Amino acid sequence: MKKVLTSRWGIAGIVVLLLIFGAYWFFVRSSTSYQFITVTLGAITETVFITGNTTPTRSVSLGFQNTGTIARVNYTLGDQVGAGAVIAALNTGNLSAALAQAEANLAVAEANLAALTSGTRPEQLAIDQSAVMQDKTALTNAVASAYAVSDNAVHTNADQFFTNPRVASAALTFIVPDVMLTNAVVQERIALEPVLASWSAQVSSPSFGSSDPMTAATQAAQNLTQVSAFLNDAAAALTKAQPSVSLSAATLSTYQSSIASARTLVASALTTLTSAKTTLVSAEGALALAEAGSTPQSIAAQQAQVQQAQAGVANAEANLRGAIIVAPISGVVTQLDAKVGQLASPGTPLVSLIGNGGFEVDAGVSETDVGKLTVGNKVTMTLDAFPNETFAGSVFYIAPAQTNTQGVISYQIKISFDKSDPRLKSGLTANIDIQTKHKDNVLILPQYAILQNDNGTFVKTLVGKTATTSPVTLGTSDQKGNVEILSGVTLGEQVINIGLKAPQ
């Protein structure tokens with residue numbers, strides 16, 4: 001064997017075998033097959049995908065501006081209300097009296113100023129003195145008349161549907177479904193008895209006509225306000241009462257008519273009393289100024305008094321407005337925590353409204369994507385609540401400042417719906433595709449045909465039998481995995497499929 005291998009023919013055979021093996025390795029084993037992708041011309045759309053939630057375009061939370069006991073709640077959860085509607089109100093007896101007092105003070109100040117600027121003559125003094133006497137008599141009569149009206153309203157009109165109305169065990173003779181309203185009416189009736197008793201003693205006193213009627217008138221205004229509040233609640237209770245065995249429909253109607261008449265008379269008495277009080281205040285002010293005369297300094301001082309009184313009226317009016325919750329928009333009541341008899345605190349939200357203006361979508365965009373967005377970008381959305389439906393819209397707001405949520409920075413955007421849909425509700429999850437860029441007739445390759453490393457972005461092409469790396473410049477990419485090629489390739493050129501995925 002050794003002789004064969006070392007012979008001339010043996011060495012030649014070994015050389016031939018080596019040549020055959022080398023050729024096989026070079027031409028067969030070392031050859032590589034490639035998949036190619038053709039550079040095409042087409043359209044590409046860049047999108048940003050985010051999620052958000054539907055929110056009403058207008059919504060408000062409302063509360064009282066003053067502290068007080070809630071006297072009325074005019075709506076319930078889910079009710080439709082119009083702009084300007086009074087949703088709830090506090091007991092405003094003291095506030096109404098304060099406003100009346102402020103208006104009277106303003107009337108005094110204005111009357112005094114008028115008297116100062118007009119000057120005084122002896123004849124005018126006599127007239128002013130006579131006017132004061134007449135107005136005092138008129139105010140005294142108004143107080144007495146107010147008592148008579150109030151006494152009749154309570155002891156005649158209202159007491160007919162009470163048992164033991166003048167003692168602490170007073171109770172309604174009929175059933176009202178609203179327990180809190182029933183308790184309020186009964187407690188108000190019990191509280192009125194000592195008020196009427198004291199009032200009766202005052203107007204029947206021999207010195208009543210000769211004493212200063214202003215204090216009596218102020219107290220009378222407060223008493224009338226208290227009686228009015230009681231009659232209002234009694235009317236509400238009668239409205240909610242239902243005819244029964246113990247309360248016929250005819251009797252209920254009689255009670256309602258009687259209370260309505262009483263409310264009218266009490267309101268008229270309060271108007272008369274306020275007018276008489278204002279008239280007397282004005283007359284007394286005119287007389288005082290007429291007797292004292294006027295100087296430039298006193299006129300300037302009185303002008304300041306008028307301004308102060310005007311501020312007092314404005315403050316009293318503001319306090320009275322703060323005792324009601326008024327709907328600033330038309331919409332639906334979505335929260336109602338106000339209850340009759342409840343003590344309300346200033347600024348505590350008790351009522352929420354969703355406006356009738358429809359819905360929008362709120363979403364957060366990452367800082368890497370927010371630079372791609374502009375107001376007016378078209379949006380397509382799907383809502384989890386309505387599978388297989390697509391909604392169109394557009395971006396109409398991009399927040400100028402960031403929102404930091406546990407260290408994650410995002411920017412709020414708002415999206416409007418192109419069409420309103422009555423099925424929409426607040427809080428629905430929206431899956432959002434925002435179209436940020438769209439280009440037609442651009443060179444396109446799939447992302448998996450692109451090679452990216454620290455040196456740049458490349459494609460591989462075959463030059464002869466050698467794979468060559470060529471740099472390319474990328475543009476817009478889309479959600480389908482395609483990318484725009486700005487430079488480095490030509491239309492129809494074939495590049496190696498380095499991702500080994502099936503060409504699209």
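Since this is a predicted model, take the numbers as computed values, not measurements.

What counts, and at which threshold
- Residue positions are given per chain, counted from 1 along the sequence in the order it is written.
- This being a predicted model, a pLDDT of at least 70 is required before a residue's local features are given, and a value of 80 or more before pairs of side-chain atoms are given or counted; all residues contribute to the totals for chains, interfaces and linings.
- The basis for every side-chain value is the complete set of heavy atoms in the structure, and neither hydrogens nor water enter the calculation.
- The helix and strand labels rest on DSSP assignments: H or I over at least four residues marks a helix, E over at least two residues marks a strand, and numbering proceeds from the N terminus.
- Using C-alpha atoms as the atom set, the radius of gyration is obtained and then compared with a globule rule of 2.2 Å times the number of residues to the power 0.38.
- Think of it in three bands: residues with accessible area under 20% of the maximum for their type are buried, residues over 50% are exposed, and the middle band is partly exposed, with areas taken using a 1.4 Å probe on protein chains only.
- Residues are treated as being in contact if the distance between any of their heavy atoms lies within 4.5 Å.
- Counted charges follow a simple rule, with Lys and Arg positive, Asp and Glu negative, and His plus the chain ends left uncounted.
- One atom stands in for each charge, and that atom is NZ of Lys, CZ of Arg, CG of Asp or CD of Glu.
- The salt bridge definition used is simple: a Lys or Arg side-chain nitrogen within 4 Å of an Asp or Glu carboxyl oxygen.
- Buried Ala, Val, Leu, Ile, Met, Phe, Trp, Tyr and Cys residues form a nonpolar core when they are joined through side-chain atoms within 4.5 Å.
- Note on ring pairs: Phe, Tyr and Trp rings are taken, using the six-membered ring of Trp, and paired if centres are within 6.5 Å. Classes follow the plane angle, with under 30 degrees stacked, over 60 edge-to-face and the rest tilted.
- A ring has a charge above it when a Lys NZ or an Arg CZ is no more than 6 Å from the ring centre and no more than 35 degrees off the ring normal.
- Between N or O atoms, a polar contact is any pair within 3.5 Å; within protein, one atom must be a potential hydrogen donor and the other a potential acceptor, and residues adjacent in sequence are included only when both atoms are from side chains.
- For two strands to pair, DSSP has to find at least two bridges joining them.
- For patch detection, residues must exceed 30% relative accessible area and be free of salt bridges, and they are connected within 9 Å for like charges or within 5 Å for nonpolar side chains (Val, Leu, Ile, Met, Phe, Trp, Tyr).
- The protein chains shown are the only cover counted for residues, whose accessible areas, like all others here, come from Shrake-Rupley with a 1.4 Å probe.
- With a 1 Å grid laid over protein atoms only, a set of points is called a cavity when a 1.4 Å probe fits there but cannot get out and a pocket when it is open yet has protein on both sides within 12 Å along at least five of seven lines; lining residues have an atom within 4 Å of a point.
- Grid points are joined across faces, edges and corners, and a volume is the space filled by probe spheres set on the points.
- Think of it as three bins: nonpolar holds Ala, Val, Leu, Ile, Met, Phe, Trp, Tyr, Cys and Pro, charged holds Asp, Glu, Lys and Arg, and polar takes everything else, Gly as well.
- Axis definition: a line fitted to C-alpha atoms, over the contacting stretch in the case of helices. Angles run 0 to 180 degrees between N-to-C directions.
- Any angle between 65 and 115 degrees counts as roughly perpendicular, while under 35 counts as roughly parallel, over 145 as roughly antiparallel, and the rest as oblique.
- Take the far helix as the reference: if the near one is turned anticlockwise from it by less than a right angle, the crossing is left-handed, and if turned clockwise, right-handed.

## Concerning the overall build of the protein chain
In step 1: Secondary structure assignment for the protein chain yields nine helices and 24 strands.
In step 2: For the protein chain, whose C-alpha radius of gyration is 45 Å, the value lies well above the compact-globule estimate of 23 Å for 504 residues.
In step 3: With the C-alpha coordinates aligned to their principal axes, the bounding extent of the protein chain is approximately 165 × 75 × 40 Å.
In step 4: Counting every position in the protein chain, which comprises 504 residues, the buried fraction comes to 38%.
In step 5: Restricting the contact set of the protein chain to residue pairs at least 6 apart, pairs at least 24 apart contribute 76%.
In step 6: Considering the protein chain, the positive charge centre built from 27 side chains and the negative charge centre built from 32 side chains are found 23 Å apart.

## A word on the pattern of salt bridges
In step 1: If you walk through the whole model with that rule in mind, you get nine salt bridges.
In step 2: Two residues, D362 and K414, come together in a salt bridge whose shortest N-O distance is 3.0 Å. Remark: K414 occurs in strand β17 (residues 408-417) and D362 occurs in strand β13 (residues 359-366); sequence separation between them is 52 residues.
In step 3: For D362, a relative accessible area of 18% gives the class buried.
In step 4: Salt bridges sharing partners connect three or more residues here, namely D159, R189 and E193.

## Things to note about the nonpolar core
In step 1: V143, F161, W199 and L273 are the most contacted members of the largest nonpolar core, which has 51 residues in total.
In step 2: Elements represented by at least two residues in this core include exactly α4 (122-158), α5 (179-204), α6 (213-240) and α7 (249-292).
In step 3: Considering each element in turn, this core owes the most residues, 13 residues, to α6.
In step 4: Excluding residues that lie within four positions of it along the chain, V143 makes contacts with W199, V203, F208, A216, A217, A220 and L273.
In step 5: Counting 23 residues, the second largest nonpolar core, distinct from the first, contains I50, F359, V361 and Y411.

## Re the environment of A220
In step 1: Mapped onto the fold, A220 is located in helix α6.
In step 2: For the pair A220 and L247, spaced 27 residues apart in sequence, the C-alpha separation works out to 34 Å.
In step 3: In contact with A220, not counting residues within four places along its chain, are V143, W199 and L273.

## Some words on the packing of aromatic side chains
In step 1: Under the counting rule described, the total for this entry stands at eight aromatic pairs.
In step 2: The interplanar angle of 55° and the centroid separation of 5.2 Å between the aromatic rings of F161 and Y255 together place this pair among those described as tilted. Residue F161 is located in the loop between α4 and β7 (162-163), and its partner Y255 is located in helix α7; the two are separated by 94 residues in the primary sequence.
In step 3: Of the residues examined, F161 reaches a relative accessible area of 0% and is grouped as buried.
In step 4: An aromatic cluster of three or more residues is present, and its members are F161, F162, F174, F230 and Y255.
In step 5: For R423, the ring lying beneath its charged end belongs to F386, and the centroid distance is 4.4 Å.

## Thoughts on the side chain of T54
In step 1: Looking at where T54 falls in the secondary structure, it is placed in strand β2 (residues 40-56).
In step 2: On the accessibility criterion, T54 (1% relative accessible area) is buried.
In step 3: Among the polar contacts made by the side chain of T54, one reaches the main-chain amide nitrogen of L428 at a distance of 2.8 Å.
In step 4: Discounting residues that sit within four places of it in the chain, T54 has contacts with E360, V361, F417, K425, S426, G427 and L428.

## Thoughts on the sheet that holds strand β9 (residues 324-326)
In step 1: One open sheet holds the four strands; their spatial order is β9-β6-β4-β11, and the pairing between them is antiparallel. What marks the edges here is a single partner per strand, and that holds for β9 and β11 (343-344).

## Digging into a nonpolar patch on the surface
In step 1: Nonpolar side chains collect at one region of the surface, where Y34, F36 and L462 lie side by side and expose about 220 Å² of accessible area between them.
In step 2: Inspection of the secondary structure puts F36 in strand β1 (residues 36-38).

## Considering unusual backbone geometry
In step 1: For N388, which is not glycine, the phi torsion reads 65° and is therefore positive.
In step 2: With respect to the helices and strands, N388 occurs in the loop between β14 (378-383) and β15 (391-398).
In step 3: According to the relative accessible area criterion, N388 is exposed, its value standing at 85%.
In step 4: In this model, Q406 sits at a positive phi of 50°, which is unusual for a non-glycine residue.
In step 5: Within the secondary structure, Q406 is located in the loop between β16 (403-405) and β17.

## With respect to the layout of surface pockets
In step 1: Size it by volume and the largest pocket reaches roughly 980 Å³.
In step 2: Taken together, 39 residues make up the lining of the largest pocket; nearest its centre are A71, R72, V73, A89 and D233.
In step 3: Of all the elements in the fold, those that place two or more residues in the lining of the largest pocket are β4 (68-73), β6 (86-90), α3 (93-118), α5, α6 and α7.
In step 4: The dominant element in the lining of the largest pocket, judged by the number of residues it contributes, is α6, at nine residues.
In step 5: Split into classes, the residues belonging to the lining of the largest pocket amount to 21 nonpolar, eleven polar and seven charged.

## Some details on the sheet that holds strand β21 (residues 466-471)
In step 1: With antiparallel pairing, three strands are arranged side by side in an open sheet as β19-β20-β21. In this open sheet, the two edge strands, each paired with only one partner strand, are β19 (451-453) and β21. Neighbour to neighbour, the strand axes of the sheet diverge by 40° on average, direction disregarded.
In step 2: Inspection of the sheet shows strand β20 (residues 456-463) paired to β21 by six bridges, in the antiparallel sense. Within β21, the position partnered with V459 by the bridge is S470.

## Looking at the packing of α3 against α7
In step 1: It is the contact of α3 with α7, at a shortest axis distance of 8 Å, that shows an interaxial angle of 30°. Classed by the angle they form, the pair α3 and α7 counts as roughly parallel. Considering how the two elements wind past one another, α3 and α7 form a crossing that is right-handed. Contacts from Q101, A104, A107, V108, A111, N112, L113, A115 and L116 of α3 reach α7 at K277, T278, V281, S282, G285, A286 and L289.
In step 2: Here the residues of the contact of α3 with α7 sort into ten nonpolar, five polar and one charged.

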